[in-house]
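Coordinate inspection notes
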6 protein chains.
Amino acid sequence: MRVDGRGVTELREVTFETNYVKHPEGSVLISMGDTKVICNATVEDRVPPFLRGQGKGWITAEYAMLPRATEQRNIRESSKGKVAGRTMEIQRLIGRALRTVLDLEKIGERTVWIDCDVIQADGGTRTASITGAFVALALAMEKSIKAGKIKEWPIKDYLAAVSVGVDSEKGALLDLCYLEDAAAEVDMNVVMTGNHQFVELQGTGEEATFSREQLNILLDLAELGIDALVAKQKEVLGPIAEKMNQGLKGE
Amino acid sequence: MRVDGRGVTELREVTFETNYVKHPEGSVLISMGDTKVICNATVEDRVPPFLRGQGKGWITAEYAMLPRATEQRNIRESSKGKVAGRTMEIQRLIGRALRTVLDLEKIGERTVWIDCDVIQADGGTRTASITGAFVALALAMEKSIKAGKIKEWPIKDYLAAVSVGVDSEKGALLDLCYLEDAAAEVDMNVVMTGNHQFVELQGTGEEATFSREQLNILLDLAELGIDALVAKQKEVLGPIAEKMNQGLKGE
Amino acid sequence: MRVDGRGVTELREVTFETNYVKHPEGSVLISMGDTKVICNATVEDRVPPFLRGQGKGWITAEYAMLPRATEQRNIRESSKGKVAGRTMEIQRLIGRALRTVLDLEKIGERTVWIDCDVIQADGGTRTASITGAFVALALAMEKSIKAGKIKEWPIKDYLAAVSVGVDSEKGALLDLCYLEDAAAEVDMNVVMTGNHQFVELQGTGEEATFSREQLNILLDLAELGIDALVAKQKEVLGPIAEKMNQGLKGE
Amino acid sequence: MRVDGRGVTELREVTFETNYVKHPEGSVLISMGDTKVICNATVEDRVPPFLRGQGKGWITAEYAMLPRATEQRNIRESSKGKVAGRTMEIQRLIGRALRTVLDLEKIGERTVWIDCDVIQADGGTRTASITGAFVALALAMEKSIKAGKIKEWPIKDYLAAVSVGVDSEKGALLDLCYLEDAAAEVDMNVVMTGNHQFVELQGTGEEATFSREQLNILLDLAELGIDALVAKQKEVLGPIAEKMNQGLKGE
Amino acid sequence: MRVDGRGVTELREVTFETNYVKHPEGSVLISMGDTKVICNATVEDRVPPFLRGQGKGWITAEYAMLPRATEQRNIRESSKGKVAGRTMEIQRLIGRALRTVLDLEKIGERTVWIDCDVIQADGGTRTASITGAFVALALAMEKSIKAGKIKEWPIKDYLAAVSVGVDSEKGALLDLCYLEDAAAEVDMNVVMTGNHQFVELQGTGEEATFSREQLNILLDLAELGIDALVAKQKEVLGPIAEKMNQGLKGE
Amino acid sequence: MRVDGRGVTELREVTFETNYVKHPEGSVLISMGDTKVICNATVEDRVPPFLRGQGKGWITAEYAMLPRATEQRNIRESSKGKVAGRTMEIQRLIGRALRTVLDLEKIGERTVWIDCDVIQADGGTRTASITGAFVALALAMEKSIKAGKIKEWPIKDYLAAVSVGVDSEKGALLDLCYLEDAAAEVDMNVVMTGNHQFVELQGTGEEATFSREQLNILLDLAELGIDALVAKQKEVLGPIAEKMNQGLKGE
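A quick note: this is a predicted structure, and the numbers were derived from the prediction, not measured. (Residues numbered from 1 in each chain as written. Chains lettered and ligands numbered in written order. Predicted model: local features only at pLDDT ≥ 70, side-chain atom pairs only at ≥ 80, totals over all residues. Heavy atoms only, no water.)

**Brief notes about the overall build of chain A**
Quick reminder of the rule: Secondary structure elements are taken from DSSP: a helix is a run of H or I of four residues or more, a strand is a run of E of two residues or more, and numbering for both begins at the N terminus. Computation of the radius of gyration draws on C-alpha atoms alone. For the globule rule, the value is 2.2 Å times the number of residues to the power 0.38. Contacts are assigned to residue pairs that have any heavy atoms within 4.5 Å of one another. Accessible areas in this description were obtained via Shrake-Rupley with a 1.4 Å probe; residue shielding takes into account the shown protein chains only. Here Asp and Glu are counted as negative and Lys and Arg as positive; His is not counted, and neither are the chain ends. One atom stands in for each charge, and that atom is NZ of Lys, CZ of Arg, CG of Asp or CD of Glu.
Broken down by element type, chain A carries six helices and nine strands. At 18 Å, chain A has a C-alpha radius of gyration in line with the 18 Å of a compact globule built from 251 residues. Over its C-alpha atoms, taken along the principal directions, chain A stretches across nearly 55 × 45 × 30 Å. Counted over contacts in chain A with a minimum sequence separation of 6, partners at least 24 positions apart contribute 69%. Counting only carbon and sulfur atoms, one obtains 47% of the accessible surface of chain A, whose full area is about 9,600 Å². Between the averaged position of the 31 positive side-chain charges in chain A and that of its 38 negative side-chain charges there is a distance of 8 Å.

Following this line, the structure appears as structure tokens:
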């Protein structure tokens, strides 16, 4: 029995509140249990200097936590005057993951900015950010198509992320909350497409190491979680999901 | 007729969603029309070095906007590596205003951190921050009293803030939205106690100047707005308001 | 009787030493009692990017204190690597105030930089900076007209600033020196045109709050001070004042 | 046939030049083909504040490249005034990996600083850094034992790292050089103990994604590489390796 | 004939205005021709951490230019967020030079801060800073002795600095103004005691190099300049100079 | 007898390992005793903005120490977020010195970047950097001539640097190692051409001052050292030295 009563293969409750903020082209508040992240997608009609004149676009991400998203208040990175290593790692991961499923040629010379702002944290903020950002990206692409800026549906597949880990007593667990994450011996984040292909795999032995066998059990669990998250994404995207599915089938 | 259909002496719709985030001692999402600010109050059991050993506390504030709180995406201050002058001005104002109504001796050697994070902006973010932060502070003080950390109710009076301004055609206006604010000739922010005492008064002729007569009209409008905001604060604080009222009456 | 023997409605001795430094287009050392500020105006033949090609100019200000302008030595902001919030507030105020009386279209695509460097501080440095900067600006405009760069006199009115405040024993005071400022319950800075129009009004209850009645008394005092400062500015500007007066009368 | 003539399961030539620099407690120049990294280990007799008084130590790492380690000159991070996200990711990885095999209680209240400075880069700098840093750490621990500062051998197992990747034509490859890395569809870094346990696993689909089957092939390759690297480490450590082996067997 | 009519061995007019600013323990405005520098000396009753508990003091210097000290306005270093290399070089030079003539044991655990702020620049600002700072230091030491903080006169000798240089047409020149400095082939700054001992010697071939013979001519010129400057320092220090002379003679 | 057994006029053993790193146009590892510096020269086909379109080039230098080049580990300047004053002084010196012997017109619109990275420090790192950088520059120029980028040999003379100093017991010393440098009363760095012309001369009385006679003795010593270093440079440059000699003779 887990700390919050879930079974070891069970996700926390996941919800997506779309159009959460009014200005962005795509906006979602994702909740995975008590982890809540505002994911906003901005479409800007220009690209960074290194891409100018090549007819293709770019997608990049930024991630931050409100100071009191956590149990202890964190000092703002703007006050410190620099972005922490952890933050950079996470925002590079989010950007890289979304870049894998977005056809940059189809969006033309545009930049998509993904902003993931954690307003409440209870473990798994980076995976929730990716799963929520995918929905914000899809909404923004739909809006850009309606506005005639983008001609063809540019997203190649669904994308979701989930954490898995090993607890010394309970064994392999899916979707760790903060207490589980802090106690875990092994911590792994898995980013996959709707088609069960790996996009990113990051596993770390926190104090212990892990064997090839343990890795396989963790990856089986992660696939279960990804399936459930992608099903939720399809549900919340509704008619947009239809369009994406047709794109996936080559229709 | 104003851009959003209001009368010149009318506030936008104001709501307070308390306990919006779970970790902080006090947490409120204030909405004034489309301006939405998360106001979190953190109580920390220590004071900055310049106050150590004096038996009294401190209150300070930080303010930020999410990048896409605005129509155009703003670059994060953490990415720029420094806090903008406008941000500093606003957070100094919020801290100073709350300091006026909080009895720092009654909270002992503790620091209250107020974090105001604008998730959607439509004018008046600094005044909404003060009005919302007051409620977050009251919730945090109530919690500290229940926890036995603070013995006596430390808040001396209600506190709210509102903007007023002069439009070249419509004259004096209460609670300007973004479009009105951008067009205003004179822009004034008024912070008052529940008792109609000024805490802070900041008036600026943007392109025009203003006369003593116009000042008086603006201040009359501001008092109307403050009354309505304080009434809302009392409503949302419920039993805590009772306690504060008794404190104000010296009971 | 005030700490330095003045009456409550009396300014400290004010002097303007023009052409204090040789390189700037306009240069003034203003002394208000023991507060001494070097105010330099630089005219640069280009505008910031956001104004290019619009045929109009810009005015901006920077403010700093020498480390030993104060009783205790202050650490340089260049050593700290960032500009303090207080400094930003003051330089934004100076720039905003001067912008109100300068016709930016008449100066063409030029930027006026105002540098206010406090070499000795005894209270009221921001108001002395504005009052002195106005004279430096007028000198620089005169020089630009003589050089044929600017065709028409671009300054719309006189501009001066003064502090007023409330002392718990002596009541309302005009032009506070440092000791008075440190003890004041209410501190207010008023920026006005020669024509008694408000340009900026900033009042703060430091520990106490203030009533509408007190506000009115403070504003009456401020008007007295502004009148005396503008009279001094006219005197020091001499023939330039003549020209400005004609402009004000529409001649 | 690979770009440098190697077979797909072949490492580049690996050498360790110990005591490369005279001041550090442990110093190694590792070469993996044309990738050359100076790995220095410093033992400092104190711990960071968060660990004081707990009787245990800490290990942390820093990573940098000389500006001309690469084909194009890179701007120094000290000139830019901030450390890049990529650098932070790498140094966090190195520190985390070494922390897994070092018994922090056995080193007492000491900090081990690992400095990895790449003087010439040809792909795989982060994995070479870990493999070389392990040897520098072992040398520094041996010196600390000889100096009587540390009583018991504190390293729990061998540690090495290697890159593997997928090329669209040649398939899975071990130990990618720069040209291979730039062309790879999938890039994976594997950190393992001498005992075939995972310490860290980071796989990224650069433009493509990868399947579970591909993952398994890559991990088989990585195990081959780790075995060869650990064999080299034993050789270069000589008598120290003896001691470590006894520790591993519990003798 | 030089650009300003001087002979090649002639200094510009030198004046020292003592007690220029009221707060510092020692304050001087030095003018060397059109170069004007405010030199303030602050005595602080503590030393930097590396000197605590050793019973001796420290002296350090900071140097800055007002933005419009020069013909073209310079951007403030506080706005840029970092101190330029040139500034650092100069302030390190000033501190080092004064450290040579101040007996740090005699001032006890105190820090003397020297602030040199150039309000108008016309070449030779670093040498004027040293020559003026010496006088500010002497005034501050006199004040500390009168206040009973320092028991014995701590200054070991007079100290002054002057620039010399080589012009391709006019040959060796003493005390270069800005125009001469910009045209010079060789630029040298010489810091000497009243006793003709070198404290610091910095010669640079700007585009040309210089021979041992040229060096000797330049040093002869520098000695002439130093003699004249020290004579002026004695004059302005008056009775303090008496005291210093007795110290120098061992009386 | 000196601390390392040398005579007072003797240099430490000097070696140059050319082509030390493979990517740079010129690369040298210079060792002067235990001081070891990697000197890399990069030729970039563009100039800084202030030189564009003038048909001539630029040379600039950067200097750094690895954290453990010294007995105590130094904090990286990239971690501190700013470059120390000492570093700036040294890199400005290196750039200025090389600029004197390089004909910037002959290299066309190109920038030469000199990177001096100290991997092991034992005194004299700045002089070793200059002496080694000269060789790296010569190698890079040779390569640029072979590549047809530069038409004519652009280096005007040999360039080397050496430290001299005064020890209170042993008197004047050539080429001080760290222990000698730390104990020296006077410290002087001399940069000269192969032709005995001064390029830069920096002498500092650390605690003592120095007389004109001592200066002359130190300069005689420095000339001896420069001669020996230039002889070594000729030897290591081999056929390139031939070419340079012909250039010097005007052949």
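**Structural notes on the packing of helix α3 (residues 125-146) of chain E against helix α5 (residues 212-237) of chain E**
Residues and elements named next belong to chain E. Here is the rule: Note on geometry: axes are lines fitted to C-alpha atoms, helical ones only across the stretch in contact, with angles between N-to-C directions running from 0 to 180 degrees. Note on angle classes: values under 35 degrees are labelled roughly parallel, values over 145 roughly antiparallel, values of 65 to 115 roughly perpendicular, and the remainder oblique. By convention, the crossing between two helices is left-handed when the near helix turns anticlockwise from the far helix through less than a right angle, and right-handed when the turn is clockwise. Polar here means any residue other than Ala, Val, Leu, Ile, Met, Phe, Trp, Tyr, Cys and Pro, which are nonpolar, and Asp, Glu, Lys and Arg, which are charged; Gly is therefore polar.
Where α3 meets α5, the closest approach of the two axes is 11 Å, and the angle between their N-to-C directions is 30 degrees. Our classification of the angle between α3 and α5 gives roughly parallel. Seen along the crossing, α3 lies across α5 with a hand that is right-handed. Facing Thr-131, Phe-134, Val-135, Ala-138 and Leu-139 of α3, the residues of α5 in contact are Leu-229, Gln-233, Val-236 and Leu-237. Residues that form the contact of α3 with α5 fall into these classes: seven nonpolar, two polar and no charged.

**Topic: the relation of the copies chain A and chain B**
We apply this condition: Here the copies were fitted onto each other by least squares, based on C-alpha atoms from residues at pLDDT of at least 70 in both.
Overlaying chain A on chain B yields an RMSD of 0.0 Å, the required transformation being a rotation through 180 degrees with an accompanying axial translation of 0.0 Å. Overall, the copies show the geometry of a two-fold rotation axis. By residue overlap, the copies meet face to face through one surface: 100% of the interface positions of chain A are interface positions in chain B.

**Side note on the interface of chain A and chain B**
Quick note on the threshold: Note on definitions: buried area is the accessible-area loss of two parts on being combined, 1.4 Å probe, summed for both. Note on definitions: salt bridges are taken to be side-chain nitrogens of Lys or Arg within 4 Å of carboxyl oxygens of Asp or Glu. In protein, a polar contact means a hydrogen-donor-capable atom and an acceptor-capable atom, both N or O and within 3.5 Å, with residues adjacent in sequence counting only if both atoms are side-chain atoms; elsewhere, any N or O pair within 3.5 Å suffices.
Contacts between the two partners involve 34 residues from chain A, matched on the other side by 34 residues from chain B. For the chain A and chain B pair, buried surface summed over both sides reaches about 2,900 Å², with 46% attributable to carbon and sulfur atoms. Of all residues in chain A, His-23, Arg-68 and Arg-73 of chain A give up the largest surface area on contact with chain B, accounting jointly for 25% of the area buried on that side. Arg-73 of chain A is paired through a salt bridge with Asp-115 of chain B; the nearest N and O atoms lie 2.7 Å apart. Here chain A is connected to chain B by 29 residue pairs in polar contact (both at pLDDT 80 or more). Residue assignment for the side of chain A that touches chain B shows that the elements contributing at least two residues are β3 (35-44), β4 (58-65), α1 (77-80) and β5 (111-120) of chain A. The biggest single contributor to the side of chain A that touches chain B is β5 of chain A, with six residues. Of the residues belonging to the side of chain A that touches chain B, the class tally is 14 nonpolar, eight polar and 12 charged.

**Notes on helix α3 (residues 125-146) of chain C**
Residues and elements named next belong to chain C. Our working rule: Given a helix with a known number of residues, its expected span is that number minus one, times 1.5 Å. Between buried and exposed lies partly exposed: a residue is buried under 20% and exposed over 50% of the maximum accessible area for its type, with that area taken using a 1.4 Å probe on protein chains only.
Given a rise of 1.5 Å per residue, 22 residues ought to cover 32 Å, and the 31 Å separating the end C-alpha atoms of α3 matches this to within 8%. In terms of burial, α3 is largely enclosed, as 20 of its 22 residues are buried. A positive backbone phi angle near 80 degrees is found at Gly-148, which sits one or two residues after α3.

**Section: the nonpolar core**
For clarity, the threshold we go by: To form a nonpolar core, buried Ala, Val, Leu, Ile, Met, Phe, Trp, Tyr and Cys residues must be joined to one another through side-chain atoms within 4.5 Å.
One finds Ile-114, Met-141 and Leu-237 of chain E together with Ile-114, Met-141, Ile-155 and Leu-237 of chain F to be the most contacted residues of the largest nonpolar core, which totals 146 residues. Aside from chain neighbours lying at most four places away, what touches Ile-114 of chain F is Asn-40, Ala-41, Ile-59, Thr-60, Ala-61, Glu-62, Ile-94, Leu-98, Ala-133 and Leu-137 of chain F. Within the second largest apolar cluster, 145 residues are counted, among which are Leu-11, Tyr-63, Ile-130 and Ala-133 of chain B.

**Quick word on the UniProt feature "binding site: phosphate" (unreviewed entry) in chain A**
Residue and element names in this part refer to chain A. Counted only if it meets this: UniProt positions are given in the numbering used here, feature names are shortened, and annotations may be inferred rather than shown by experiment.
UniProt records the feature "binding site: phosphate" (unreviewed entry) at Arg-86, Gly-124, Thr-125 and Arg-126, using the numbering of this structure. What stands out for the annotated residues spanning 41 residues is how close their C-alpha atoms remain, the widest pair being 13.4 Å apart. Among the structural elements, Thr-125 can be located in helix α3 (residues 125-146). In this structure, Thr-125 is in contact with Thr-35, Val-37, Tyr-63, Met-65, Arg-86 and Val-118, ignoring residues within four places of it in sequence. With respect to the helices and strands, the residue Arg-126 is situated in helix α3. When neighbours within four sequence positions are excluded, Arg-126 is seen to be in contact with Arg-86, Glu-89, Ile-90, Leu-93, Asn-189 and Gln-202.

**Details of the pattern of salt bridges**
Across all of its chains, the model carries 138 salt bridges over all chains by this definition. Of the charged contacts in the structure, one is a salt bridge between Arg-212 of chain B and Asp-220 of chain C, with a shortest N-O distance of 2.9 Å. Of this pair, Arg-212 of chain B sits in helix α5 (residues 212-237) while Asp-220 of chain C sits in helix α5 (residues 212-237), which puts the two residues in different chains. One salt bridge in this structure joins Lys-22 of chain F and Asp-34 of chain D, with 2.8 Å as the shortest N-O distance. With Lys-22 of chain F in the loop between β1 (14-18) and β2 (26-32) and Asp-34 of chain D in the loop between β2 (26-32) and β3 (35-44), the pair connects residues from two separate chains.

**Examining the layout of surface pockets**
Here is the rule we go by: Whether a set of points on the 1 Å grid over the protein atoms alone is a cavity depends on a 1.4 Å probe fitting there but being unable to get out, while an open set qualifies as a pocket with protein on both sides within 12 Å along at least five of seven lines; lining residues are those with an atom within 4 Å of a point. Grid points are joined across faces, edges and corners, and a volume is the space filled by probe spheres set on the points.
Each pocket or cavity is described by its volume, and for the second largest pocket that value is around 460 Å³. In this structure, the second largest pocket is lined by 22 residues; those nearest its centre are Thr-42, Glu-44, Arg-46 and Trp-113 of chain C together with Arg-73 of chain E. At the level of elements, β3 (35-44) and β5 (111-120) of chain C are the ones that each hand at least two residues to the lining of the second largest pocket. A per-element tally of the lining of the second largest pocket places β3 of chain C first, with three residues. Counted by class, the lining of the second largest pocket contains six nonpolar, five polar and 11 charged residues.

**Regarding the side chain of Arg-212 of chain A**
Its relative accessible area of 16% is what places Arg-212 of chain A among the buried residues. Polar contacts involving the side chain of Arg-212 of chain A include one to the main-chain carbonyl oxygen of Asn-216 of chain D, which spans 3.1 Å. Looking at Arg-212 of chain A, its side chain comes within polar contact range of the side chain of Asp-220 of chain D, at 2.9 Å. Excluding its chain neighbours within four sequence positions, the residues that come into contact with Arg-212 of chain A are Phe-198, Asn-216, Leu-219, Asp-220 and Glu-223 of chain D.

**As for helix α2 (residues 85-101) of chain C**
What sets the pattern is the α-helix's 3.6 residues per turn: residues three or four places apart point alike. Taking 1.5 Å of rise per residue, 17 residues should cover 24 Å, and α2 of chain C covers 25 Å from first to last C-alpha, within 8% of that figure. Within α2 of chain C, 14 of the 17 residues are buried, leaving the element largely enclosed by the surrounding structure.

**Brief notes about a nonpolar patch on the surface**
Residues and elements named next belong to chain A. Heads up, the rule is: Patches here: salt-bridge-free residues with over 30% relative accessible area, like charges joined within 9 Å, nonpolar side chains (Val, Leu, Ile, Met, Phe, Trp, Tyr) joined within 5 Å.
A surface patch of nonpolar side chains, amounting to about 320 Å² of accessible area, comprises Val-3, Tyr-178 and Leu-179. Tracing the backbone through its elements, the reader meets Tyr-178 in helix α4 (residues 178-183). For Tyr-178, a relative accessible area of 49% puts it in the partly exposed group.

**Some words on the packing of aromatic side chains**
All names here are of chain A. Going by this rule: Ring geometry is summarised as follows: Phe, Tyr and Trp rings, the Trp one being its six-membered ring, pair when their centres sit within 6.5 Å, and such pairs are stacked at plane angles under 30 degrees, edge-to-face over 60 and tilted between the two.
The tally for this structure, following the rule as stated, stands at 18 aromatic pairs over all chains. Ring geometry for Phe-50 against Trp-58: centres 5.3 Å apart, planes inclined by 85 degrees, an arrangement best described as edge-to-face. The class of Phe-50 is exposed, set by a relative accessible area of 53%. Taking relative accessible area as the criterion, Trp-58 reaches 21% and is therefore assigned partly exposed.

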